[in-house]
Amino acid sequence: MQPSMFNVSVPLDGRDDVFLMNTFSDAQLIVSRDVADVLDRIARGERQFAADERDAIDTLVEQGFIVESRAADHQALEEFFHNVREDRSQLRVTVLTTLQCNFACDYCIQGDHGDYNKHAAKMSLDTAARTAEWAEQRLDAVAPSSFALTFFGGEPLLNLPVLFYLSERLAESCRVRGVRMMINIITNGLLLTPAIVDRLTPLGLNGVKVTLDGDRDTHNRMRPLRGGQGTFDRILDNVRQVAGKTRISIGGNFDEQSVDSYPALLDFLREQEFAGQLAKVAFKPIIKPAQSAHPKGTFALTAVGADGKPLGGACMTSAGTGVSSACDNCHFLDEKMSYLREETMRRGFPTMDGVHMGPCEIHKHHAHTIGPDGSLYACPGFAGEATQSTGHIDGRDEQWRRESARRFEVITAWSECNDCAFIPVCAGGCSVAAHAELGDLQKPNCHKTSFEAGVVTLARQAAARAEPALAG
Ligand code: SF4
Ligand code: SF4
């Protein structure tokens with residue numbers, strides 16, 4: 001018997017208690033320091049305990065804080081990742097309807113700069129029909145109980161014919177198969193209308209994620225139209241009109257100069273009549289290509305492509321699958337992320353807790369991303385970087401795609417993480433970041449300090465809620 005390697009503990013301020021969490025079982029307990037000490041004594045090999053201590057030990061075993069051996073932890077981890085990989089309960093498909101965008105964000109690797117949009121790919125209705133056929137085959141092969149269809153780009157609402165076609169056809173495909181359909185949209189919000197929401201709601205619209213980059217002035221500076229006009233008020237108007245109709249999440253991309261404007265944005269959102277209806281509010285740092293000179297004041301974070309081109313052609317600053325996504329763990333700057341998370345929670349908005357971040361969909365066999373030309377990718381972050389394509393919806397057999405698929409087949413970055421307690425919720429971090437920063441998607445991309453900060457936040461929340469569950 002020994003303490004699980006997935007235990008984390010936080011001494012609670014001003015009291016003689018300790019918050020214990022096990023990231024594998026997800027058990028969370030507040031225990032007296034004596035009980036926490038029992039774990040240390042077990043780790044030292046002690047086996048003689050008083051009756052009340054043995055009762056506490058029974059509870060700790062039940063909740064996964066004490067396991068048979070380190071080997072048992074590792075074996076459980078292997079099984080866990082196998083189950084994540086092979087899980088058939090949900091089929092997830094992210095479709096990039098277009099790589100075009102109607103914004104001209106300074107920081108963005110895509111968008112309306114120069115003649116970008118002239119050449120940016122857009123899915124045709126013919127490709128959409130073949131995408132639907134492919135998805136129907138997957139539905140038959142996987143037989144999931146739910147199907148999550150996420151629209152992403154570029155700006156997905158710039159290609160409404162494809163978005164509506166896929167939604168309507170696949171909603172019917174799900175209906176006849178008895179599968180629950182969930183549609184998510186990740187959008188800049190400028191073209192979001194009640195009519196779009198009304199049309200998608202009966203088909204299974206699950207939520208819309210809209211991006212705001214700071215308070216009004218900051219957002220208007222960061223996310224202008226091509227002519228330089230601000231977009232904040234129009235987006236907010238659009239959100240206001242649809243907030244009662246569907247779940248809205250607010251995302252945002254911050255840099256060193258804009259991060260301090262986020263509390264003002266949060267205050268502004270809190271004052272809105274739809275504040276209580278927001279499903280999630282979460283922000284993350286802007287990503288800059290490694291080899292392009294990034295503007296002064298942006299965080300030098302993650303390469304988006306070795307050649308400075310868009311990694312995947314997808315806007316990684318909003319990559320993910322919206323309100324239900326685990327993908328919000330891409331590229332964050334730990335300290336600022338923690339600061340904004342606390343500010344968001346302080347105003348009562350639901351947000352990521354900083355601990356339950358993964359494993360993300362790159363680890364799931366039944367999660368796919370489809371680019372505008374029908375190319376398949378392992379996750380939205382790789383979409384559009386053609387060499388990372390793992391296949392094509394038409395089943396074409398090309399050696400380079402097969403080789404790429406093999407690279408993604410089993411990503412086990414965590415195998416280099418030794419006995420890190422966060423492996424079940426981190427899985428070695430974002431593979432897109434590892435690929436970009438380290439040139440190797442199999443390497444860990446570590447943001448452990450952010451996980452640690454997240455546990456401290458969970459500890460404070462638990463302390464505010466409860467008295468010790470276990471006392472020695
Ligand atoms: S690898 Fe990174 S970009 Fe891809 S799904 Fe995971 S967290 Fe998101
Ligand atoms: S990447 Fe870092 S935090 Fe994540 S599992 Fe590995 S060591 Fe732990």
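As a reminder, the structure under discussion sits directly above these lines.
Residues numbered from 1 in each chain as written. Chains lettered and ligands numbered in written order. Predicted model: local features only at pLDDT ≥ 70, side-chain atom pairs only at ≥ 80, totals over all residues. Heavy atoms only, no water.

Peer 1: I'd love a proper account of the packing of helix 11 (residues 334-346) against helix 15 (residues 448-465), names of residues and values included.
Peer 2: Direction vectors running N to C along helix 11 and helix 15 enclose 25°, while the axes themselves pass 9 Å from each other. The pairing of helix 11 with helix 15 is recorded here as roughly parallel in orientation. For helix 11 against helix 15, the interelement crossing comes out right-handed. Of the residues in helix 15, those in contact with D334, S338, R341, E342 and M345 of helix 11 are T449, S450, A453, G454, T457, R460 and Q461. (Axes fitted to C-alpha atoms, helices over the stretch in contact; angles between N-to-C directions. Helix = DSSP H or I, 4+ residues; strand = E, 2+ residues; numbered from the N terminus. Parallel < 35°, antiparallel > 145°, perpendicular 65-115°, else oblique. Left-handed = near helix turned anticlockwise from the far one by under 90°. Contact = heavy atoms within 4.5 Å.)

Peer 1: Describe the packing of aromatic side chains, and please don't skip the residues or the numbers.
Peer 2: Applying the stated criterion across every chain, the model contains nine aromatic pairs. Between F24 and F80, the aromatic rings sit 5.6 Å apart at their centres with planes inclined by 70°, giving edge-to-face as the arrangement. With F24 in the loop between strand 3 (17-22) and strand 4 (28-32) and F80 in helix 3 (residues 70-86), this pair connects stretches of sequence that are 56 residues apart. Relative accessible area serves as the criterion here: at 32%, F24 is assigned to the partly exposed category. Aromatic pair F382 and F408: ring centres 4.9 Å apart, planes at 75°, arrangement edge-to-face. Taken together, the positions of F382 in the loop between strand 13 (375-377) and strand 14 (391-392) and F408 in helix 12 (residues 399-409) put the pair 26 residues apart, joining distant regions of the chain. Of the two residues, F382 and F408, neither departs from the other in class, the shared state being buried. (Phe/Tyr/Trp six-rings, centres within 6.5 Å; stacked < 30°, edge-to-face > 60°. Buried < 20%, exposed > 50% of the residue type's maximum accessible area, 1.4 Å probe, protein only.)

Peer 1: Account for the sheet that holds strand 3, naming residues and giving values.
Peer 2: Pairing in this open sheet of three strands is antiparallel, and the strands run 2-3-4 from one edge to the other. Single-partner strands in this sheet number two, and they are strand 2 (7-11) and strand 4. Sheet twist, expressed as the average angle between the axes of neighbouring strands with direction ignored, equals 25°. Inspection of the sheet shows strand 2 paired to strand 3 by five bridges, in the antiparallel sense. (Pairing = 2+ DSSP bridges.)

Peer 1: Account for the pairing of strand 11 (residues 278-285), with residues named and values stated.
Peer 2: With seven of eight residues buried, strand 11 lies mostly within the body of the structure. Sheet topology note: the strand 10 (residues 248-254)/strand 11 ladder contains seven bridges and is parallel. Within the sheet, the bridge partner assigned to I250 lies in strand 11 and is V281. Handedness of the strand 10-helix 10 (residues 262-271)-strand 11 crossover: right-handed. (Right-handed = clockwise from strand over helix to strand, strands pointing away.)

Peer 1: An account of helix 5 (residues 125-142) is requested, with residue identities and associated values reported.
Peer 2: Across its 18 residues, helix 5 extends 25 Å between first and last C-alpha, which sits within 8% of the 26 Å expected from 1.5 Å per residue. Within helix 5, burial applies to T127, A128, A129, T131, A132, W134, A135, E136, L139 and V142. Summarising the contacts, the buried residues of helix 5 are in contact with strand 6 (90-96), strand 7 (146-152), helix 6 (160-177), strand 12 (367-370) and strand 13. (Expected span 1.5 Å × (residues − 1).)

Peer 1: Let's hear about the sheet that holds strand 10: which residues, and what values?
Peer 2: Spatially, nine strands are ordered 11-10-9-8-7-6-12-13-14 in an open sheet, and the strand pairing comes out mixed. Edge positions in the sheet fall to strand 11 and strand 14, since each of these pairs with one other strand and no more. Of the pairings in the sheet, the one linking strand 9 (residues 205-211) to strand 10 comprises four bridges and is parallel in character. Residue pairing across strands places V210 opposite I250, the latter belonging to strand 10. Along the sheet face, helix 5 touches strand 6, strand 7, strand 12, strand 13 and strand 14 and points at about 165° away from the line of strand 6. Where helix 6 meets the sheet, it contacts strand 6, strand 7 and strand 8 (180-187), and its direction lies at approximately 180° from that of strand 7.

Peer 1: Lay out the environment of M352 in plain terms, naming residues and giving numbers.
Peer 2: Here M352 shows up in the loop between helix 11 and strand 12. Between the C-alpha atom of M352 and that of K280, which follows or precedes it by 72 residues, the distance is 7.8 Å.

Peer 1: So what's going on with the nonpolar core? Which residues, and what values?
Peer 2: F147, L166, L200, I250 and F283 are the most contacted members of the largest nonpolar core, which totals 64 residues. Per-element tally for this core: the top contributor is helix 6, with seven residues. (Core = buried A, V, L, I, M, F, W, Y, C linked by side-chain atoms within 4.5 Å.)

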